[in-house]
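# Structural features, examined
Here are the chains, one letter per residue:
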Amino acid sequence: MRRDDQYRLERLDRGIKIRTGGIYAISSWREMSYLMVPRLVLILGLLALPILMPSAYWQRVISMVCIYALLAIGFDLLAHFVGLVSLGGAFFIGVGGYLAGILSSYKGVPMVLTIPIATLGGAIICTLLLVPCLPLRGVYFAIATLMYPLILTRFIEALNIFGGTDGIVGVSGFPSQWIEQYLIITLVIMVLFSIRRLVNTDYGLVMRGVKDNDQAVRASGISITQVKAVAVFITSLMGCFGGAYLAHIYMWSGLSQFALDFSIIPIAATVIGGGGTLVGPILGAFILVPINELLRELGTLRIVFYCVILVIFIMFKSEGLMVYAERKYHQFQQWKKV
Amino acid sequence: MAEDQPLLRVADFSKSFGGVQALSRVSFDVHEGDVFGIIGPNGSGKTTLVNCITSFVKRDSGSISFKGQELKRGMPPHKVADLGIARTFQITRPYYTLPAYKNLVIPLLSPRARRTGGWRGGGKHGDRDTVGLDILEEIGFERDSFIPYKLASALPTGYLKRLELARCLAIRPELVICDEIFSGLSGSEIATMTPLIEKLQMEGVTLIMIEHRLRELFRVANRVMVLNFGEKLIEGTAEEVMADEKVKEAYFGSDQEVMDYA
Amino acid sequence: MDILVYGTVNSLTLALMALGFTLVYGVSRLPNFAHGALYIIAGFALWAGLNTLGLHYAISALLALIAIGIVGAAMYQGVLIRVRGMATSEIIASYAIGLAILEFLRWLGFKGMTYTLPVFKEGIIWIFGVPVDWQRILIIIIGAMVFVFLWAFTHYTKIGLALRGMAQDERAAMMLGIDSDRMAIVAMALGSILAGVAAFVLLPLGNIAVEAGYSVLILAIAVCIVGGLGSWVGALLASFLLGFLQILTDAKIGSHFRIVVALMAILLTLILRPSGLFGRQKELEERV
């Protein structure tokens, strides 16, 4: 920028974006592909992944990516659409994982039943436990959610229940690698698209209203605690499913399910991938989890690594990759002389 | 409801914040169809009174009954709104990230709106967007312009104030409490809002208006109450109130020549 | 009787840990989740000064305190200043930094019994028939000294008064010419130094372990929330409350539950009385 001229940055929608507004989207193949291609790439890409990566190691990684993706979508929903920052994603994983472990190992319930029961039951338990914290605002809610996995860990450790520090072994596993992967991949896709629909429905607007201006929502006669509880329930459904899945993948439930990883990585994935888009967290999970696995030999250095990345992103590119990409896809920018 | 029973009866409201006594044994009645004005210098407790009535702040003591039904002290604000008491906020609170007409979808989804709305509420499978646009048109947004579609963060004050009122009307209230709704508006903007208030009154909505713009208030209000330092000074018609010595002292201070307020 | 003595010691221990955190939050509303990390780094700095550089204790301590102050200020100036005002980003950023530091130290191998700081004076004295070692007495003495110093600093020096002004009302302080960012840097530096002092006094009791970093953070948060963020008196009272609760739990139920007491205290306070015992910041009751 030359200093003697005044310039301003102007962002304009691309021509094709304007041409695809409303009914005109189906007016030609070009317009339709502009809208459909990103989504098709996402769906087909996800579905093709297990076929492209036949090695057992990477297939496990894909399953882990999907579990983290579910957690990250949940975090995004709570933080960017309802205004609740949850620093304790591990809580959901742990509750779901332990429920599945208990049902499968102690009670011998078959896997087809443990996963739904653990998901639903876990979600109910998590929501009920979090209900007292729902009226809290901002920072305080975040601190409270941080406490939950820690408290549960200490209780299990101290009282030595549910297997104590050893955990629950003998959880049944998946009959085949393909089922393990495709089940969760299809679920991630379904969850993504249904939550995207949800936030644009009228009820979704109420949730966004709670983030925007909760006093106004209360003055309209809607109980914001109820709305928050619904949002937490949806998120914990996803998280507990992930936990139950995890238990069956590793055929084991233990304290590590409450680990820090499950709280930090969804947050990092959302920040890096782009908060508020619901797709961004999936992208973030795809980037972070393989790095996490690759760096596992380096021990706790990997935590250092993505903490540093997280901080850099918060500082410099806090909008996230997906928001940046969406902007580039829909708009172009130029410097105009004033 | 009996003819003589007031719509809203407030008795002995008191509230203190730390050492500051914001309200001190305030009592008044509002009858159906009234436009009840509450005036007083800044800091006299008017907004606190509204907050206590609508339960956004818990009162220390006192009782309140609406349509004969007692409202308990710990009642959450959304229940109060559900009973039919709507309020605007002194600092407008739109949903900034949503367009203006979508702002109304949220109150239209409240249990009360769905109960009482009927076809106006969009019905069971209603199109709340259309109802929202309708309400905005009633309020004074130009219908076929782009204004209802603008994001609430981009609207100027005049429209925001009307949006506040629209948000109240969406839940079909019986009592609307307007907290300084004329503040920040120019004379002509107020002139366009006054018929709206009169129309509401004709439709049977009772209004409580907290205002500093006395001239405009007295055009619509039939009863006025004055608060000063949390205490009720006087209640009566506009002329009675403005002729009272204590009120003049509260606004203008003593030992001063007071102009006749036209 | 021993509960009384140990309880007092534990309470002042908690108070020392929480001081730095409560200072930073009180002045600039910045929840510094890297507090535990700063505590541990200070300990290591002192250890490095003593063992690697072979310096005298006083010089090592001084250098370590200066170093930790610089680290705290740098953390603010480098990272936190960019996320000022966005509460969740502040938490995430400071938590990530703290996590990065602690896990880095863990990776470098700083765990176990290998690293210790020396106690000041060996030996035990008997108070009312209860054996207490000198180091713990020192905690009480230094704790009291720190409190007195802070009180004097914030009441009688210009910078201290500026910090108090910022704590009460940021905008008003800015209007009077007090630079919000500079005060935040001072607060961070001071908070880090306080963490360092706490480390010097408390770490000799055990060894320098990374786990202590996490416990210190949780205990500091517990004290501040129970006492009410921003209130000195509250923090002191809360540390006594929690300190005695912990000692009682130790005696009656077992030492597994020590940290659970702190965690439950945080939760219960947030649920029942969010502004804490003496919270002057009624952020939770927003102006409607």
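Owing to the predicted nature of the structure, the values given are computational and were not obtained by experimental measurement. (Residues numbered from 1 in each chain as written. Chains lettered and ligands numbered in written order. Predicted model: local features only at pLDDT ≥ 70, side-chain atom pairs only at ≥ 80, totals over all residues.)

Scanning chain B from terminus to terminus reveals 11 helices and 10 strands. Scaling as 2.2 N^0.38, a compact globule of 262 residues should have a C-alpha radius of gyration of about 18 Å, and chain B matches this with 19 Å. For chain B, the spread of C-alpha atoms along the principal axes amounts to about 60 × 40 × 40 Å. Relative to its full complement of 262 residues, chain B shows a buried share of 47%. Counting only contacts in chain B whose residues sit at least 6 apart along the sequence, the fraction spanning at least 24 positions is 66%. (Helix = DSSP H or I, 4+ residues; strand = E, 2+ residues; numbered from the N terminus. Rg over C-alpha atoms; globule rule 2.2 N^0.38 Å. Buried ≥ 20, exposed ≤ 12 C-beta atoms within 10 Å, placed from the backbone. Contact = placed C-beta atoms within 7 Å.)

A separate point is the interface of chain A and chain B. Listed per partner, the contact involves 17 residues of chain A and 24 residues of chain B. If you list the elements that add at least two residues to the side of chain A that touches chain B, you get α8 (202-212) and α9 (214-219) of chain A. Per-element accounting of the side of chain A that touches chain B gives the leading share, seven residues, to α8(A). Considering only residue class, the side of chain A that touches chain B consists of seven nonpolar, six polar and four charged. (Nonpolar A, V, L, I, M, F, W, Y, C, P; charged D, E, K, R; others polar.)

Looking now at the sheet that holds strand β4 (residues 61-66) of chain B. Residues and elements named next belong to chain B. One open sheet accounts for four strands, arranged β2-β1-β4-β5; its pairing is antiparallel. The strands lining the two open edges of the sheet, one partner per strand, are β2 (20-30) and β5 (69-70). Two elements, strand β1 (residues 8-17) and β2, share seven bridges in a ladder whose sense is antiparallel. If you follow serine 16 over to β2, its bridge partner there is glutamine 21. (Pairing = 2+ DSSP bridges.)

Now for the interface of chain C and chain A. With 32 residues of chain C at the interface, the matching set in chain A holds 32 residues. No other element matches the 14 residues that helix α4 (residues 87-108) of chain C contributes to the side of chain C that touches chain A. A breakdown of the residues in the side of chain C that touches chain A according to their chemical character gives 26 nonpolar, three polar and three charged.

This part takes up the pairing of strand β8 (residues 206-210) of chain B. Residues and elements named next belong to chain B. By the criterion of burial, β8 is predominantly enclosed, with five of the five residues buried. Burial along β8 is two-sided: the residues Thr206, Ile208 and Ile210 and Leu207 and Met209 are all buried. When strand β3 (residues 35-39) meets β8, the two strands line up parallel, connected through four bridges. Residue pairing for β8: isoleucine 38 is matched across the bridge by isoleucine 210. For strand β7 (residues 175-179) and β8, the ladder comprises five bridges, and the chain directions are parallel. Residue pairing in the sheet places valine 176 in a bridge with leucine 207 of β8. Taken together, β7, helix α8 (residues 187-202) and β8 form a β-α-β motif whose crossover is right-handed. (Right-handed = clockwise from strand over helix to strand, strands pointing away.)

Within β3(B), five of the five residues are buried, which leaves it mostly tucked inside the rest of the structure. Residue alternation in β3(B) divides its side chains into two sets, Val35(B), Gly37(B) and Ile39(B) and Phe36(B) and Ile38(B), and both sets are buried.

You'll often see interface size given as the accessible area lost when the parts meet. All names here are of chain B. Entries for chain B in the domain assignment read domain 1 (1-82 + 192-253) and domain 2 (85-173). On a C-alpha basis, the centres of domain 1 and domain 2 stand 25 Å from each other. At the level of secondary structure, the elements contributing two or more residues to the side of domain 1 that touches domain 2 comprise α1 (46-53), α2 (77-83) and α8. The greatest single-element share of the side of domain 1 that touches domain 2, amounting to three residues, is contributed by α2. Counted by class, the side of domain 1 that touches domain 2 contains six nonpolar, three polar and one charged residues. (Domains from an automatic or database assignment.)

Let's shift gears to the sheet that holds strand β10 (residues 231-236) of chain B. Residues and elements named next belong to chain B. Pairing is mixed in the open sheet, where six strands are placed in the order β6-β7-β8-β3-β9-β10. Two strands lie at the open edges of the sheet, namely β6 (85-87) and β10, each paired on one side alone. Sheet twist, expressed as the average angle between the axes of neighbouring strands with direction ignored, equals 15 degrees. Across four bridges, the pairing between β3 and strand β9 (residues 223-228) is parallel. Each bridged residue has a counterpart across the sheet, and for phenylalanine 36 the counterpart in β9 is arginine 223. Against the sheet, α1 makes contact with β3, β6, β7, β8 and β9, and its axis sits at roughly 150 degrees relative to β7, the strand it touches most. (Axes fitted to C-alpha atoms, helices over the stretch in contact; angles between N-to-C directions.)

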